[in-house]
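# Summary of structural features
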Amino acid sequence: MAAEGGGKEMNEIKTQFTTREGVYKLLTHSEYSRPNRVPFNSQGSNPVKVSFVNVNDQSGNGDRICFNVGRELYFYIYKGVRKAADLSKPIDKRIYKGTQPTCHDFNPITATAESVSLLVGFSAGQVQLIDPIKKETSKLFNEERLIDKSRVTCVRWVPGSESLFLVAHSSGSMYLYNVENTCGTTAPHYQLLKQGENYAVHTCKSKSARNPLLRWTVGEGALNEFAFSPDGKFLACASQDGFLRVFGFDAAELHGTMKSYFGGLLCVCWSPDGRYIVAGGEDDLVTVWSFSDCRVIARGHGHKSWVSVVAFDHCTTSVEDGDPPAEFSGSDEEFHEQIHFGAGRDRANSAHSRLSKRNSTDSRPVSVTYRFGSVGQDTQMCLWDLTEDILFPHLPLSRTRTHTNVMSATSPPATGQTTTTTTTTTTTTTTAVTATNPSGTNGKDNGSNSSTSGNPANSLPSTLPRSNSLPHSSNPTGGSTPNSHTGSNSSTTTTTTTTTTKGNSIIDSAFIATGVSKFATLSLHDSRKERHEKDHKRNHSMGHISSKSSDKLNQLSSTRTAKAEAAKTLGTTLCPRMEDVPLLEPLVCKKIAHERLTVLIFLEDCLVTACQEGFVCTWARPGKVGLLSSQNNPANSPSGTVV
């Protein structure tokens, strides 16, 4: 391993990195993997995923970890920074034949030291409910694949429920299940319950209670991931068609939509207070979307390939006293105005409560910093800070802001070695010529001077503040775009108005038809446009007209239509141009693996990453690495490798 530098050093794996909090260090002795520690041949395999649960063990060692590698599923006691991992003693290990686990999720409500409920989704479409502590298999859902035959992409317990869970498939459908119901011996028949723009909700027609309770279909492609808001009222869905759609969970109402710069969206997460959503995908960007304003407020460019996971760090996100501006405080009502879930739903969330409570001592903006991270197929991990200059733009003609870049050597700690940290403080003056913006695409209209550069009155501001601006930010056209994709230069701004209907009419209908009390959302479009065009060129030359030519021509026509629709969204509130929103630069961007990264989870004393080789790594937070040094660690060789 080597420190920061040029040449080959840039491609070497980093074992530590520095932020304003201090140094994060990789704990090689806390690495989890298959017992033989041999790198897994990941070609053709599903992504490695990791799930955690705390069983409230009185011994103080209550964390449990589950991860899948190929056809195998492992369940261990997770010792984190406290003690070295013992891979020879898994609590449970399962090897599957004919199918592979793709995702899994623990139910935190029912977890005890004697029993846990773990849902596991599979590549053939089934969902299994197991108890790895008791080593029991409770139930198998969609066993005959009568409900859906496609791969399970995401499975989650409904927040606050002991029995309801959601399953998304690569087919573009999502289903609500109840663990108490059977799936039946025949394919389900559905009845339309609710229909909206590019989505529909169906209930299962049956004389007796059976699964699925509800089916959601949205668009034409796969649903890659969904995430519940911290209070459980909303569901954010990332789709292969490039759309982020946010639904009210109970009323099945579309709250807002966002479009990726190009390509599919692969991952999504909520801020701890539920005010912001971050999505990542095939455009190599992380996109920050405001829940209350229903608009993109920033993009982050640091990855060199697809972004596979995004996650907020609830421990580093902070809010200081102060009265937030009107556009920020207004969204508190948004949360409380939504319809309730019913008795028994616990929405208590410490981070949400802490961030939502504000003092009104003065009129200055609240001092807030959100920390989130991302990992991608480029084997890099990026950390990002979302600060108040991005969240609360005041839109003056000029302003001065100060930011701090912290850079450090990343060579692994060795005996007698000193880690050097250099802190550079830069003051940047940003001048913004603000155009009149009636649609509210870039914040609130403050009546400032309109643009004199020939842009229409409703165009977006010609320049916007950037956080840790990238080197190409001086380019008046917004600089180079990821993967050199170029979109339309249209300056027309489209305003999307979403009306949320209050009331329980849809819910009541669902209750009567299915006998359940809750449901959820989504699926999506497919964007395999390039493949369709290649097929057309290969199969429809003058010398080769196949029997499927009409189908191929129809596919080509639909592909061109999809591209035309995508061009229409660029430059609107759904998908602002790169120069129309602030561009974030990563606080940290490090290569930490040899294979693509598939996991990023923030815990109280560490963060956890995993790569497709099957290695689950623990990174100790600043000041936490000493917790392990006092333990009997068989891996304390000078090189740091495991004996």
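Before any of the text, the structure's been laid out above.
About the cut-offs
Residues numbered from 1 in each chain as written. Predicted model: local features only at pLDDT ≥ 70, side-chain atom pairs only at ≥ 80, totals over all residues. Heavy atoms only, no water. Core = buried A, V, L, I, M, F, W, Y, C linked by side-chain atoms within 4.5 Å. Buried < 20%, exposed > 50% of the residue type's maximum accessible area, 1.4 Å probe, protein only. Helix = DSSP H or I, 4+ residues; strand = E, 2+ residues; numbered from the N terminus. Contact = heavy atoms within 4.5 Å. Pairing = 2+ DSSP bridges. Axes fitted to C-alpha atoms, helices over the stretch in contact; angles between N-to-C directions. Salt bridge = Lys/Arg side-chain N within 4 Å of Asp/Glu carboxyl O. Disulfide = S-S within 2.5 Å. Phe/Tyr/Trp six-rings, centres within 6.5 Å; stacked < 30°, edge-to-face > 60°.

## Some remarks on the nonpolar core
Ranked by internal contacts, the top residues of the largest apolar core, which has 23 residues, are Leu-166 and Phe-226. When contributions to this core are tallied by element, the ones reaching two or more residues are strand 12 (164–169), strand 13 (173–178), strand 15 (199–205), strand 16 (214–218), strand 17 (223–228) and strand 18 (234–239). When sequence neighbours within four positions are dropped, the list of residues in contact with Phe-226 reads Cys-154, Val-155, Arg-156, Leu-166, Ala-168, Met-174, Leu-235, Ala-236, Cys-237 and Val-268.

## Here's the deal with the pairing of strand 13
Of all 6 residues in strand 13, 6 are buried, a share of seventy percent or more. Of the two faces of strand 13, both are covered, the one formed by Ser-173, Tyr-175 and Tyr-177 as well as the one formed by Met-174, Leu-176 and Asn-178. Here strand 12 runs beside strand 13; their pairing, made up of 5 bridges, is antiparallel. Its bridge partner lying in strand 13, Val-167 is registered against Tyr-175. The hairpin formed by strand 12 and strand 13 contains 3 residues between the paired strands, and Gly-172 there has a positive phi angle of roughly 100°. Of the pairings in the sheet, the one linking strand 13 to strand 16 comprises 4 bridges and is antiparallel in character. Bridge pairing links Tyr-175 to Arg-215 in strand 16.

## Quick word on the sheet that holds strand 14 (residues 189–196)
One open sheet accounts for 6 strands, arranged 11-12-13-16-15-14; its pairing is antiparallel. Two strands in the sheet have a free side with no partner beyond their single neighbour: strand 11 (152–157) and strand 14. Sheet twist, expressed as the average angle between the axes of neighbouring strands with direction ignored, equals 20°.

## Regarding the pairing of strand 18
For strand 18, a buried count of 6 out of 6 residues is recorded, marking the element as mostly surrounded by other parts of the structure. Both faces of strand 18 are covered, namely the face carrying Phe-234, Ala-236 and Ala-238 and the face carrying Leu-235, Cys-237 and Ser-239. Hairpin connection between strand 17 and strand 18: a loop of 5 residues separates the two successive antiparallel strands, and Gly-232 in this loop has a positive phi of roughly 80°. The loop that links strand 18 with its antiparallel partner strand 19 (residues 243–248) comprises 3 residues; one of these, Gly-242, has a positive phi angle of about 90°.

## Let's talk about the environment of Val-310
Within the fold, Val-310 resides in strand 25 (residues 307–312). The buried category is assigned to Val-310, whose relative accessible area is 6%. Sequence spacing of Val-310 and Gly-373 is 63 residues, and the spatial spacing of their C-alpha atoms is 5.7 Å. Beyond its immediate sequence surroundings of up to four residues, Val-310 is in contact with Cys-267, Val-268, Cys-269, Val-278, Ala-279, Gly-280, Val-286, Gly-373 and Ser-374.

## Looking at the sheet that holds strand 19
Within the open sheet, the 4 strands sit side by side as 17-18-19-20. Their pairing is antiparallel. The sheet terminates laterally at strand 17 and strand 20 (254–259), the two strands that pair on one side only. The average undirected angle you get between the axes of adjacent strands in this sheet is 15°. Pairing analysis gives 5 bridges linking strand 19 to strand 20, with the strands arranged antiparallel. What sits directly across from Val-246, in strand 20, is Gly-256.

## Topic: the pattern of salt bridges
Under the criterion given, the structure shown has 16 salt bridges. The salt bridge partner of Asp-293 is Arg-295, with a shortest N-O separation of 3.7 Å. On the accessibility criterion, Asp-293 (26% relative accessible area) is partly exposed. Given a relative accessible area of 7%, Arg-295 falls into the buried group. When salt bridges that share partners are traced, they join Arg-20, Glu-21, Arg-371 and Asp-385 into one network.

## Brief notes about the state of the cysteines
Within this structure, the stated rule accounts for 0 disulfides. In this structure Cys-606 is a free cysteine whose sulfur lies 9.4 Å from that of Cys-315, the closest cysteine sulfur available. Cys-606 sits in the buried class, given a relative accessible area of 0%. Free of any disulfide, Cys-617 has its nearest neighbouring cysteine sulfur in Cys-611, separated by 6.4 Å. On the basis of relative accessibility, which here comes to 14%, the residue Cys-617 falls in the buried class.

## Side note on the packing of aromatic side chains
Inspection of the entire model under this criterion finds 26 aromatic pairs. Look at Phe-226 and Phe-228: their rings are 6.3 Å apart centre to centre, the planes differ by 90°, and that puts the pair in the edge-to-face class. Here Phe-226 matches Phe-228 in class, with each residue buried. Taking the centre distance of 6.2 Å and the plane angle of 80° together, the rings of Phe-312 and Tyr-370 count as edge-to-face. Pair noted here: Phe-312 is in strand 25 and Tyr-370 is in strand 27 (residues 368–376), with a separation of 58 residues, a long-range link. Among the residues examined, Tyr-370 registers a relative accessible area of 0% and is labelled buried.

## Things to note about unusual backbone geometry
Residues Asn-211 and Pro-212 are joined by a peptide bond in cis, for which omega reads -5°. Residue position: Pro-212 is located in the loop between strand 15 and strand 16. The phi dihedral of Cys-294 is positive, around 55°, even though this residue is not glycine. Within the secondary structure layout, Cys-294 lies in the loop between strand 23 (285–290) and strand 24 (295–301). By relative accessible area, which is 24% here, Cys-294 ends up partly exposed.

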